[in-house]
Protein chains: 4
Amino acid sequence: MKKRIDNRFLQRLPVRGSQFATPQDVARDWTDSPHIDLAVEAREFARGVNPQHLDIPGVDMQEHKEEQISVTRIHVQTEAGARAIGKVPGLYTTLEVPDLRHKDPDLQERVAVRLAEELEQYVRLPQNALVLVIGLGNWNVTPDALGPFVVESLFVTRHLFSIMPEVIGDGFRSVCALAPGVLGLTGIETSEIVRGVVENVRPDLVIAIDALAARSIERVNATIQIADSGIHPGAGVGNHRKALTKETLGVPVVAIGVPTVLDAATIASDAMDLLLAHLEKNVPGNGAGHILNQFSRDEKRALVGEVLQPLGNNLMVTPKEIDEFVEDVAHIVAMGLNLALHPAMDLDDAKSLTH
Amino acid sequence: MKKRIDNRFLQRLPVRGSQFATPQDVARDWTDSPHIDLAVEAREFARGVNPQHLDIPGVDMQEHKEEQISVTRIHVQTEAGARAIGKVPGLYTTLEVPDLRHKDPDLQERVAVRLAEELEQYVRLPQNALVLVIGLGNWNVTPDALGPFVVESLFVTRHLFSIMPEVIGDGFRSVCALAPGVLGLTGIETSEIVRGVVENVRPDLVIAIDALAARSIERVNATIQIADSGIHPGAGVGNHRKALTKETLGVPVVAIGVPTVLDAATIASDAMDLLLAHLEKNVPGNGAGHILNQFSRDEKRALVGEVLQPLGNNLMVTPKEIDEFVEDVAHIVAMGLNLALHPAMDLDDAKSLTH
Amino acid sequence: MKKRIDNRFLQRLPVRGSQFATPQDVARDWTDSPHIDLAVEAREFARGVNPQHLDIPGVDMQEHKEEQISVTRIHVQTEAGARAIGKVPGLYTTLEVPDLRHKDPDLQERVAVRLAEELEQYVRLPQNALVLVIGLGNWNVTPDALGPFVVESLFVTRHLFSIMPEVIGDGFRSVCALAPGVLGLTGIETSEIVRGVVENVRPDLVIAIDALAARSIERVNATIQIADSGIHPGAGVGNHRKALTKETLGVPVVAIGVPTVLDAATIASDAMDLLLAHLEKNVPGNGAGHILNQFSRDEKRALVGEVLQPLGNNLMVTPKEIDEFVEDVAHIVAMGLNLALHPAMDLDDAKSLTH
Amino acid sequence: MKKRIDNRFLQRLPVRGSQFATPQDVARDWTDSPHIDLAVEAREFARGVNPQHLDIPGVDMQEHKEEQISVTRIHVQTEAGARAIGKVPGLYTTLEVPDLRHKDPDLQERVAVRLAEELEQYVRLPQNALVLVIGLGNWNVTPDALGPFVVESLFVTRHLFSIMPEVIGDGFRSVCALAPGVLGLTGIETSEIVRGVVENVRPDLVIAIDALAARSIERVNATIQIADSGIHPGAGVGNHRKALTKETLGVPVVAIGVPTVLDAATIASDAMDLLLAHLEKNVPGNGAGHILNQFSRDEKRALVGEVLQPLGNNLMVTPKEIDEFVEDVAHIVAMGLNLALHPAMDLDDAKSLTH
């Protein structure tokens, strides 16, 4: 008869489907971390640290505001800029649409069209190119399911070129798509799966969709970022083989990300900042000076860690309607992709063909 | 031809499936709110406010610790006690099991058995009694889906008494169950649906399952509360008709609740408390005295509101593995109910018959 | 210690979520059953039995064909007509749209609009009337999930009249909705739940949505029937209390049904009919006469039963794409209802507000 | 402005998620098809065609019956045997468990254990081998979702060997798993994805899980087949590159299949056979002889096609409880795999670690 597995083994098993936090992750210094997902927030943070610099050398920025949608293009041009801002060199386009949370369908369509327009800068391909869309994340965890949802909604055509070539040819590109799951469900690094598929399918471009974390509440579910620098899962040892980039895959990788959660640490940190600012303003005498002088960044970081201690960086903060928001924004992204990838498709077609 | 609805109407529509926050809700003073879901936390809070009182008059408490499970029984005996603690009179039993997050299946079974034992105090019914289990909450929002999940997992028997009376009779009680949905999905108050079903089905006892919010991170997904005082959705005007209690339904109502979320406000408040405590300890001179004297409860409340402002009390904080936790704890609750309601059922049966 | 439940008990338990077939159901003579869901098929069957009658007395029929949609109105006017056709007296409107299976979104919209037009005959209510929509069926069984899906997609407004009366008033009716589940999941007859809700909510009209079975393959997922006679779950003993009708609920009940499955028995029967017809045509001499004379309706019924014996009437026949079809047709029905119930809503609004 | 896509294009699009029937598929002669999924049924069919042969040369069979479970091992030893039976050479083990439909949990466990025992013959690997489990099929179509469900339930360990090597080492094999989706969702042949993953992950064995079609009602959801010959998606032109076999992947491929549907054609065919047999017995004189002589296999095939014509081979026949059955049998298969792959795991462990 078989001998039962030691119960302590069971208790130590990581919860399936969670992203396993390595010791490095846990120690990740979120307060001055180089890993801020959104370039607009990374730039704000970098400027906050050095408020004397209005501009960051090597980091170019253009802003364009139109009705309800503001578009920011941040170009990280040099390695110095990359270090300053904590993002690898590349072009980061961000659509910020605070009203997206109101579920206005006309606005949703306009965002899809604007997203398609911005995407066209990233997708400069011949008509007969093949595009592989990768939906990163875990379909069982709603805020992480953005990528898989986009893949489910996308109009895939690659197989139609052989099944019905007489109708699909004109004005459609060949598109295929995969949601590879997460390490905890498959035991395989996402990058290993994607590399294998890329080697066999030989796309001209990979577009990777991922859910992000925002540092500012108002950006959650209201922001879409496009980047031509691929996916970088952090700078930890051994992590570079997990990247999805031109270096690791051999083809250009465009990343589309939407922040669906807020770091719980952000709330704790914001609360402390606000309290400190409040005290500085309101405590009479030289108390304020004392306080700010005494209270270092490191102390704050330690206190934030203490607040969140029992569940660690495993907490996520989401709006209550996260389920609807993720579905809606996945639909917008899929529609934007359909419009951008297929020259023959207009908005009505995209509405029909985005599932 | 029909005239299109004004777009501003669409934008003002509440998101479906959300619990609509009334102005009263938004103004809800969470920092000294009487509405803390867990009696153990309400008692801690009340004692914190009046630290001179070790005991709160009219509130009796017993604690019992065993391996990995601690059981607390709080008996709110008087109206004065109810006012002091902010919970209506009744018996509140709480199982706290911090290790429940490690997914140890043996522990899960032990918790189900302990829950059944505690439930037996609440379910003192003749063998031929009829029990109606109500699964409150929205099945589309994971942390709110506890109630519907328990209903899906429960062994319902009421119909079997007429279909196969020869086998079901001995040792089974008649149990039926309903997940009535939420106001945003149905347009009907949960209490209206439950009242209608109670009038037609005429149960001897209603057991209502609901997801709660905790104020302390370590209690999320690790705590089960049983109460004989029913469900009270807040003390707002007109809210009493929404209650599920012996007064509104005409039959006793036992509530089983599990905290699956943390108030985002809690994190902000905890962060400020920790920072204040830190400053008090570390700022030299009489600065500390100044600070604490100056900084009132009202100010803190206002600051917390400011931190969370863009998404208001619409934020929820959950562990990343919320999907698995809710399923697991729903299964434990269903198993505990099956064991408690059917005298003939042992643990092996419960494992088979809990879906 | 508790004694384990006899294993034979477990084996005899009906599968949860199945509609429990009573002995009457099992013996149900489908070949000359009065219980054909679709009135158009019941009429065809009745005429087939008496081919000499082009018209059935007491049963009036009008047909209207337009592009891709054919609309049939069958008015069962007398009890004699009801007996002849096997449907209770009332008006049955059927939309048949064979191309609905091709997922043409323009056609789907046109069907929603036509459905709304036909529904307007059934929904003659003052502006301030309250309508309760009931989604019958089991959300866990795809072909049976039509009703719950419609309820999830519907625009419910009843609660908005108290939350935001200033905007909802004009041109909207008060609509609420419920998917009560099935007996196997709740232990409660659907009719008991609905009766309770009707008594508490007091609607002016109930609209019940249900998945049907068709006898002809080409009608599956391509047909919508509206009837003003409510829901009749078969004429078995005791079954009348399960009906949802004006008699049982005290308010008019309109039923909307879509066939999502085909009786497996239909295939067996069709195969035999085709074979007999083939033999009659092709077997020379007087063999054919022999065959048809010898082979009675009863014999055929017995043979069909024999073919399906191991799984009995528990088999259903569906197209492979049933999941997509049910979602699509649920969306069409919800859109048609939204258009019909709210005078202020045009097609664009309905597209936005149907989820 | 973009020009709208021709509507006829939309109408011709295959339904997403369906397996696209090529013209070859549609013409597939199911009545004497070489493509019967279950070897036990292929052998029965081959013997039925040549009833004079009790044994089929090159096809060895052993049967073993025990309580409620019968195990058949069919060894197709020669190419002649393969042609006779229509299955490629290899060992096919079938567990038939008619009572599996009664949801008896003890029986389910026994079947998982028996499956593990039979699998051990197919999985003769060193302790440090790596196994890749592929869950074929479409997770959106219940009867096709068996493979993805098994993958979701499996205990994957490959990543744990690097995260927690100190506890996972002893008695566990390295297992990873993937549900690659279907061509209609991804635009990529399953075999292309699997090949890419195999090249990157380099497993020692691939185990592919798939849902099958049965020809006999009583085998649906009551049968598990294991084969060492891999997955062969039909013999059509170009189809061999879609196979998952040692030839295409470079590593041995074990296939585990469970019939979850019945071909609709089977019902029609069975009905005709039964009617013909009935007529032969009961029609007096020489009618019977006439009939059977006149009615050829080809005619029957044509008639069956006529019965099913409107939805073609797109129909599937399933029991009404298909959703529960597929989940249950997926759990049994996952538990059997967990037991077979990890020497350290006993039944209690498998119950804990199978999700």
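Please read these numbers as outputs of a predicted model, since none were measured by experiment.

A. Looking closely at the overall build of chain A. Counting its regular elements, chain A contains 16 helices and nine strands. Burial statistics for chain A: of 355 residues in total, 60% are counted as buried. At a minimum sequence separation of 6, the contacts of chain A that also span at least 24 residues come to 72%. When the accessible surface of chain A is totalled, it reaches about 13900 Å², and 51% of it is carbon and sulfur.

B. Examining the pairing of strand E1 (residues 59–66) of chain A more closely. Residues and elements named next belong to chain A. Strand direction decides the pairing type here: E1 and strand E2 (residues 69–76), joined by eight bridges, are antiparallel. Bridge pairing in E2 places Lys65 opposite Ser70. As consecutive antiparallel partners, E1 and E2 are separated by two residues, and within that stretch Gln68 has a phi angle of approximately 65°, a positive value.

C. The arrangement of the pairing of strand E5 (residues 174–178) of chain A in detail. All names here are of chain A. Among the five residues in E5, five count as buried, and that is most of the element. Of the two faces of E5, the one holding Ser174, Cys176 and Leu178 and the one holding Val175 and Ala177 are both buried throughout. Looking at chain direction, strand E4 (residues 130–135) and E5 are connected through five bridges and run parallel. What sits directly across from Val133, in E5, is Ala177.

D. How the structure looks around helix H12 (residues 264–282) of chain B. Here H12(B) is 19 residues long and its end C-alpha atoms lie 27 Å apart, about the 27 Å a rise of 1.5 Å per residue gives. Residues Ala264(B), Ala265(B), Thr266(B), Ile267(B), Ala268(B), Ser269(B), Ala271(B), Met272(B), Leu275(B), Leu276(B), His278(B) and Leu279(B) constitute the buried set of H12(B).

E. Quick look at the packing of aromatic side chains. Under the criterion given, the structure shown has six aromatic pairs over all chains. Pairing Trp139(A) with Trp139(D) gives two aromatic rings, centres 6.4 Å apart and planes at 15°, and the pair type is stacked. One end of the pair, Trp139(A), is in the loop between E4 and helix H6 (146–153); the other, Trp139(D), is in the loop between strand E4 (130–135) and helix H6 (146–153), on a second chain. Accessibility expressed as a relative area gives 33% for Trp139(A), which makes it partly exposed. Seen from their ring centres, Phe155(A) and Phe172(A) are 5.9 Å apart, and the 65° between their planes marks the pair as edge-to-face. With Phe155(A) in the loop between H6 and helix H7 (160–163) and Phe172(A) in the loop between helix H8 (165–168) and E5, this pair connects stretches of sequence that are 17 residues apart. As far as the burial class goes, Phe155(A) and Phe172(A) line up, both buried.

F. Highlighting the packing of helix H6 (residues 146–153) of chain B against helix H15 (residues 322–341) of chain B. All names here are of chain B. Where H6 contacts H15, the axes come no closer than 8 Å and their chain directions differ by 50°. With respect to their mutual orientation, H6 and H15 come out oblique. The handedness of the crossing between H6 and H15 is right-handed. Residues Leu146, Phe149, Val150 and Ser153 of H6 lie in contact with H15, whose contacting residues are Val326, Glu327, Val329, Ala330, Val333, Ala334, Leu337 and Asn338. Each residue belonging to the contact of H6 with H15 can be placed in one class, and the counts come to nine nonpolar, two polar and one charged.

G. Highlighting helix H10 (residues 190–201) of chain C. The end-to-end C-alpha distance of H10(C), which contains 12 residues, comes to 16 Å, matching closely the 16 Å that a straight helix rising 1.5 Å per residue would cover. The buried count for H10(C) comes to 10 of 12 residues, which makes it a mostly enclosed element. Residues of H10(C) that are buried include every one of Thr190(C), Ser191(C), Glu192(C), Ile193(C), Val194(C), Gly196(C), Val197(C), Val198(C), Asn200(C) and Val201(C), and no others. Packing partners of the buried residues in H10(C) comprise strand E5 (174–178) and helix H10 (190–201) of chain B together with strand E4 (130–135), strand E5 (174–178), strand E6 (205–214) and helix H11 (246–249) of chain C. Within two residues after H10(C), Arg202(C) carries a phi angle of roughly 55°, on the positive side.

H. Just empty space enclosed by the protein, in detail. This structure, assessed with the given rule, holds six cavities of 30 Å³ or more. Considered as a void within the structure, the largest cavity measures approximately 70 Å³ in volume. Taken together, Thr142(A), Pro143(A), Met316(A), Thr318(A), Ile322(A), Asp323(A), Thr142(B), Pro143(B), Met316(B), Thr318(B), Ile322(B) and Asp323(B) make up the full set of residues lining the largest cavity. Residue assignment for the lining of the largest cavity shows that the elements contributing at least two residues are strand E9 (315–319) and helix H15 (322–341) of chain A together with strand E9 (315–319) and H15 of chain B. Within the lining of the largest cavity, the residues separate by chemical class into six nonpolar, four polar and two charged.

I. Fine view of unusual backbone geometry. Unusually for a residue other than glycine, Gln68(B) sits at a positive phi of about 70°. Along the chain, Gln68(B) turns up in the loop between strand E1 (59–66) and strand E2 (69–76). For Gln68(B), a relative accessible area of 23% corresponds to the partly exposed category. Even without being a glycine, Asn221(D) presents a positive backbone phi close to 60°. Position of Asn221(D) relative to the elements: it lies in the loop between strand E6 (205–214) and strand E7 (223–227).

About the criteria used
Residues numbered from 1 in each chain as written. Chains lettered and ligands numbered in written order. Predicted model: local features only at pLDDT ≥ 70, side-chain atom pairs only at ≥ 80, totals over all residues. Heavy atoms only, no water. Helix = DSSP H or I, 4+ residues; strand = E, 2+ residues; numbered from the N terminus. Buried < 20%, exposed > 50% of the residue type's maximum accessible area, 1.4 Å probe, protein only. Contact = heavy atoms within 4.5 Å. Areas by Shrake-Rupley, 256 points an atom, 1.4 Å probe, with all protein chains shown as cover. Pairing = 2+ DSSP bridges. Expected span 1.5 Å × (residues − 1). Phe/Tyr/Trp six-rings, centres within 6.5 Å; stacked < 30°, edge-to-face > 60°. Axes fitted to C-alpha atoms, helices over the stretch in contact; angles between N-to-C directions. Parallel < 35°, antiparallel > 145°, perpendicular 65-115°, else oblique. Left-handed = near helix turned anticlockwise from the far one by under 90°. Nonpolar A, V, L, I, M, F, W, Y, C, P; charged D, E, K, R; others polar. 1 Å grid on protein atoms, 1.4 Å probe; cavity = no way out; pocket = protein on both sides within 12 Å on 5 of 7 lines; lining within 4 Å. Points joined across faces, edges and corners; volume = space filled by probe spheres on them.

Such coordinate-based values are descriptive only and should not be taken to indicate function.
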